[in-house]
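One-letter residues, chain by chain:
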Amino acid sequence: MFAPQGSVPGCPRSSIVGLPRGAQVLFRDEPGQLYEFTNHLREAIAAFPVGSVLLENLDLSNVWMDTPAFGYLMDLLKEKQVSSKRVKAFRCGFPDEGLRPMGALFGGLYA
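Just so it is clear, the structure is predicted and the values come from calculations on it, not from any experiment.

## What to know about the packing of aromatic side chains
In this description, a pair of aromatic rings is defined by centroid distance and the angle of the planes.
Okay, step 1: A complete count under the given rule lists two aromatic pairs for this structure.
Okay, step 2: Here the aromatic rings of Tyr35 and Tyr72 are separated by 5.2 Å at their centres, their planes lie at 50°, and the arrangement is tilted. Of this pair, Tyr35 sits in helix α1 (residues 34-45) while Tyr72 sits in helix α2 (residues 67-79), and the two are 37 residues apart along the sequence.
Okay, step 3: On the basis of relative accessibility, which here comes to 27%, the residue Tyr72 falls in the partly exposed class.

Below, the structure is given as structure tokens:
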């Protein structure tokens, strides 16, 4: 179950704060925990209608992660039509192919 006040069970260095509008979503745990973090994010945004969640900041920086885990997170954002003002994903170790999930997400957004 999702814990309030930004804490994410099993991901002590990560947080989800301020849903549904202007949220700060920060992932700073081990790369293998991104699936667990994404599942907690899914549970947290389930309380809101599809398309109503706006993230002020999605920060994944400085966590070396694999393409499937990143794709899992991007698929959730696309499925729930979550928008974000900023996505920080630098120093994550992605090859060019690893950014395809983000491209697919942005390709489905409308201005």
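## Brief notes about α1
Okay, step 1: With twelve residues, α1 extends 16 Å from end C-alpha to end C-alpha; this agrees with the ideal 16 Å at 1.5 Å per step.
Okay, step 2: Listed in full, the buried residues belonging to α1 are Leu34, Phe37, Thr38, His40, Leu41, Ala44 and Ile45. Axial view of α1: buried residues confined to an arc of 160°, hence all on one face.
Okay, step 3: Looking at the buried residues of α1, the elements they touch are β1 (15-17), β2 (21-26) and α2.

## Describing α2
Since the α-helix advances by 3.6 residues per turn, residues separated by three or four positions end up pointing in the same direction.
Okay, step 1: Helix length check: α2 (13 residues) gives 18 Å between terminal C-alpha atoms against 18 Å at 1.5 Å per residue, within 8%.
Okay, step 2: Ala69, Phe70, Gly71, Leu73, Met74, Leu76 and Leu77 are the residues of α2 that are buried.
Okay, step 3: The N-terminus of α2 is capped by Asp66, whose side-chain oxygen sits 2.8 Å from the backbone nitrogen of Ala69.
Okay, step 4: Looking one or two residues beyond α2, the residue adopting positive phi is Gln81, at roughly 55°.

## A few points about the pattern of salt bridges
Okay, step 1: Applying the stated criterion across every chain yields a total of seven salt bridges.
Okay, step 2: The closest approach of N and O atoms between Arg28 and Asp59, which form a salt bridge, is 2.9 Å. On the criterion of sequence distance, the pair formed by Arg28 in the loop between β2 and α1 and Asp59 in strand β3 (residues 54-59) is long-range, its members being 31 residues apart.
Okay, step 3: Note that Lys85 and Glu56 form a salt bridge whose closest N and O atoms lie 3.4 Å from each other. Taken together, the positions of Lys85 in the loop between β4 (83-84) and β5 (87-88) and Glu56 in strand β3 put the pair 29 residues apart, joining distant regions of the chain.
Okay, step 4: In this structure, a network of salt bridges that share partners links the residues Arg13, Asp29 and Glu30.

## Details of the side chain of Ser14
Okay, step 1: Looking at the element boundaries, Ser14 is found in the segment before β1.
Okay, step 2: With relative accessibility at 5%, the residue Ser14 sits in the buried group.
Okay, step 3: Looking at Ser14, its side chain comes within polar contact range of the main-chain nitrogen of Arg28, at 2.9 Å.
Okay, step 4: Excluding its chain neighbours within four sequence positions, the residues that come into contact with Ser14 are Gly6, Val8, Leu26, Phe27, Arg28, Asp29 and Phe37.

Criteria and cut-off values
- Residues numbered from 1 in each chain as written.
- Predicted model: local features only at pLDDT ≥ 70, side-chain atom pairs only at ≥ 80, totals over all residues.
- Heavy atoms only, no water.
- Phe/Tyr/Trp six-rings, centres within 6.5 Å; stacked < 30°, edge-to-face > 60°.
- Helix = DSSP H or I, 4+ residues; strand = E, 2+ residues; numbered from the N terminus.
- Buried < 20%, exposed > 50% of the residue type's maximum accessible area, 1.4 Å probe, protein only.
- Expected span 1.5 Å × (residues − 1).
- Arc of directions from axis to C-beta.
- Contact = heavy atoms within 4.5 Å.
- Polar contact = N/O pair within 3.5 Å; in protein donor to acceptor, adjacent residues only side chain to side chain.
- Salt bridge = Lys/Arg side-chain N within 4 Å of Asp/Glu carboxyl O.

Everything listed here is a matter of coordinates, which is why it stays silent on function.
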